[in-house]
Amino acid sequence: MLSNGSVASKKKRLSVEKFADLVDFWIIFNEPHVFAMLTYCAGAWPGGHPDLLETATAALPRGVFKLVMHTMAVAHLKAYDLIHDISKRTTKKTRVGVSHHVSFMRPYGLFDALAVVLSDSITRFDYIDEICDKLDFIGINYYGQEVVSVPGLKLVSNDEYSESGRGVSPDGLYRVLLDFHNRYKKFRLPYIITENGVSDATDYIRRPYLLEHLLAVKAAMKKGVSIQGYCFWTTCDNWEWADGYGPKFGLVAVNRENNLARIPRPSYYLYAEIAKTGTVTKKQREKAWNELQTAADQGRKRPFCRAVNSHGLMLAGGLDVQVERCFVQRDWRFGHYKPDGLQDPLSQLLRSIWSIPLVRSKNDARNLIKSRPKYTDVPVSSSGDLKNETFDKLKAHQMRENVAVTG
């Protein structure tokens, strides 16, 4: 597409004409800024071979990142019109959108805050701003939290992570959805959670991860976010571009040493139950969380696929041989997670001074507690059930007309 637009345009038309009567939802680009950054800026993905100058100037206004993102936006606008023009010949109600990758980012130290602002400024809204006039829905791919410690991402010892190094944070999904809703609500666009999942071969993290993120979705809906679908990533263990077959994302395990045999994990049956009943119950939530905490209390370990340097920064490439990491004893459930303060020496010193009774009175402490955000939107009734009407159309198949549609 970037090197030969006419050939790509012909292929695009051919694809739409071939499949228009079969497709309800079209996603033109999946995670455009991730593709642009890792291919044309870092050269870590196939197809990109940037030189040192291109990498160093990638984020500048005339850098390769901006050029690639703009080119993809132009391609989206043209593809949107093409898909709708061809789909008019069928009886399908076609919807065209994008799958946009978003992480909840926070700084590790005071001097990392600028890096978070800069990263968000070029990855969070820019691409959607350029194409929002030709979108029928916004797809959100959300996996978790990223703690920025320049020049990379910090592995925080007391945070829970997926095998591929993504911090577990259901609260982050809630905040991301509200951010996008507030920015684009004038367009009245619905949202679909096009990817949300966790790599976890043990399946201890995956079950509470699924439940807590569904609670975050419902809380966002109660704030006015129109969410029409939820797709868990993924059905079966898959191939990751940078990590190969290392991280295990599947609700179903794949035994690659035994004729690719499929073995459903417990989370598979949990997801099927939610899809069938349209309900997340207090019993499900407690059972999943208690089993994870038991594993943590016993000091059990699980695989971790990301290399970490001497400064605690995670490296981009996956590990050929996985290491083991203990489950973390920390409450990351939706509405429960309390982030650590900034961890640079200056911030730690200021916190120590602030904690001295002569400096901070009891009244100050009460005021601070009162001002802390309260997650009153956790959608459980007095019985602890997530109301049936919330996900009464939730289905297990992905990206079809009747897939994972909320009421």
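Our subject in this report is the structure included herewith. These figures come from a predicted structure and were not determined experimentally.

Before going further, it helps to spend a moment on the packing of aromatic side chains. One pass over the structure, following the stated rule, counts 14 aromatic pairs. Ring centres of Phe 25 and Phe 137 lie 5.6 Å apart, and the angle between their planes is 80°; on these two criteria the pair is classed as edge-to-face. Taken together, the residues span a long stretch of sequence, with Phe 25 in strand β1 (residues 25-30) and Phe 137 in strand β4 (residues 137-141) at a distance of 112 residues. The class of Phe 137 is buried, set by a relative accessible area of 1%. For the ring pair Trp 239 and Tyr 245, a centre distance of 5.0 Å and an interplane angle of 75° mean the geometry is edge-to-face. You can call Tyr 245 partly exposed: its relative accessible area is 40%. Following the ring pairs from residue to residue traces out a cluster consisting of Phe 125, Phe 180, Tyr 184 and Phe 187. Here the guanidinium or amino end of Arg 166 rests over the ring plane of Tyr 143, the centre of that ring lying 4.4 Å away.

Another aspect to go through is helix α5 (residues 113-123). Burial in α5 covers these residues: Val 116, Ile 122 and Thr 123. End-on, the buried residues of α5 take up no more than an arc of 145°, which puts them together on one face. In α5, the exposed positions that point more than 90 degrees away from the buried face belong to Leu 114 and Val 117. For α5, the secondary structure elements touched by its buried residues are α2 (32-41), α4 (64-87), β2 (95-101), β3 (104-107), α6 (126-131) and β5 (145-149).

Further remarks concern the pairing of strand β11 (residues 301-308). The side chains of a regular strand alternate, first on one face of the sheet and then on the other. One ladder, built from six bridges, connects β11 with strand β12 (residues 313-326); its direction is antiparallel. In the strand pairing of β12, Phe 304 is matched with Val 323.

Ordered by their spatial adjacency, five strands build an open sheet running β1-β2-β4-β7-β8, and the pairing between neighbours is parallel. A strand with exactly one partner marks an edge of an open sheet, and here the two such strands are β1 and β8 (227-232). The sheet shows a mean angle of 25° between the axes of neighbouring strands, direction not considered. Pairing geometry for β2 and β4, over five bridges, is parallel. The residue bridging Gly 97 from the neighbouring strand is Phe 137, located in β4. Packing against the sheet, α2 makes contact with β1 and β2, and its axis sits at approximately 50° to β2.

A surface patch of nonpolar side chains, about 660 Å² in accessible area, is lined by Leu 110, Phe 111, Leu 346, Leu 349, Leu 350, Ile 353 and Ile 356. Topologically, Leu 349 is positioned in helix α11 (residues 345-354).

Here we take up the packing of helix α7 (residues 170-184) against helix α8 (residues 206-222). Axes are the key here: two packed helices are described by the angle between their axes and the distance separating the axes. Contact geometry for α7 and α8: axes closest at 8 Å, N-to-C directions at 25°. In terms of axis orientation, α7 runs roughly parallel to α8. Considering only the axes of α7 and α8, their crossing is right-handed. Across from Pro 170, Leu 173, Tyr 174 and Leu 177 in α7, the residues of α8 making contact are Glu 212, His 213, Ala 216, Val 217, Ala 219 and Ala 220. Taken together, the residues of the contact of α7 with α8 break down into eight nonpolar, one polar and one charged.

On to the environment of Arg 302, then. Along the chain, Arg 302 turns up in strand β11. Contacts of Arg 302, omitting those with residues within four sequence positions, involve Glu 160, Tyr 161, Ser 162, Glu 163, Thr 202, Ile 205, Val 323, Glu 324, Arg 325, Cys 326 and Phe 327. Reaching out from Arg 302, the side chain makes a polar contact with the side chain of Glu 160 at a distance of 2.5 Å. Polar side-chain contacts of Arg 302 include one of 2.4 Å to the backbone oxygen of Tyr 161.

Thresholds, definitions, all that
Residues numbered from 1 in each chain as written. Predicted model: local features only at pLDDT ≥ 70, side-chain atom pairs only at ≥ 80, totals over all residues. Heavy atoms only, no water. Phe/Tyr/Trp six-rings, centres within 6.5 Å; stacked < 30°, edge-to-face > 60°. Helix = DSSP H or I, 4+ residues; strand = E, 2+ residues; numbered from the N terminus. Buried < 20%, exposed > 50% of the residue type's maximum accessible area, 1.4 Å probe, protein only. Lys NZ or Arg CZ within 6 Å of the ring centre and 35° of its normal. Arc of directions from axis to C-beta. Contact = heavy atoms within 4.5 Å. Pairing = 2+ DSSP bridges. Axes fitted to C-alpha atoms, helices over the stretch in contact; angles between N-to-C directions. Patch = residues over 30% accessible without salt bridge, like charges linked within 9 Å, V, L, I, M, F, W, Y side chains within 5 Å. Areas by Shrake-Rupley, 256 points an atom, 1.4 Å probe, with all protein chains shown as cover. Salt bridge = Lys/Arg side-chain N within 4 Å of Asp/Glu carboxyl O. Parallel < 35°, antiparallel > 145°, perpendicular 65-115°, else oblique. Left-handed = near helix turned anticlockwise from the far one by under 90°. Nonpolar A, V, L, I, M, F, W, Y, C, P; charged D, E, K, R; others polar. Polar contact = N/O pair within 3.5 Å; in protein donor to acceptor, adjacent residues only side chain to side chain.

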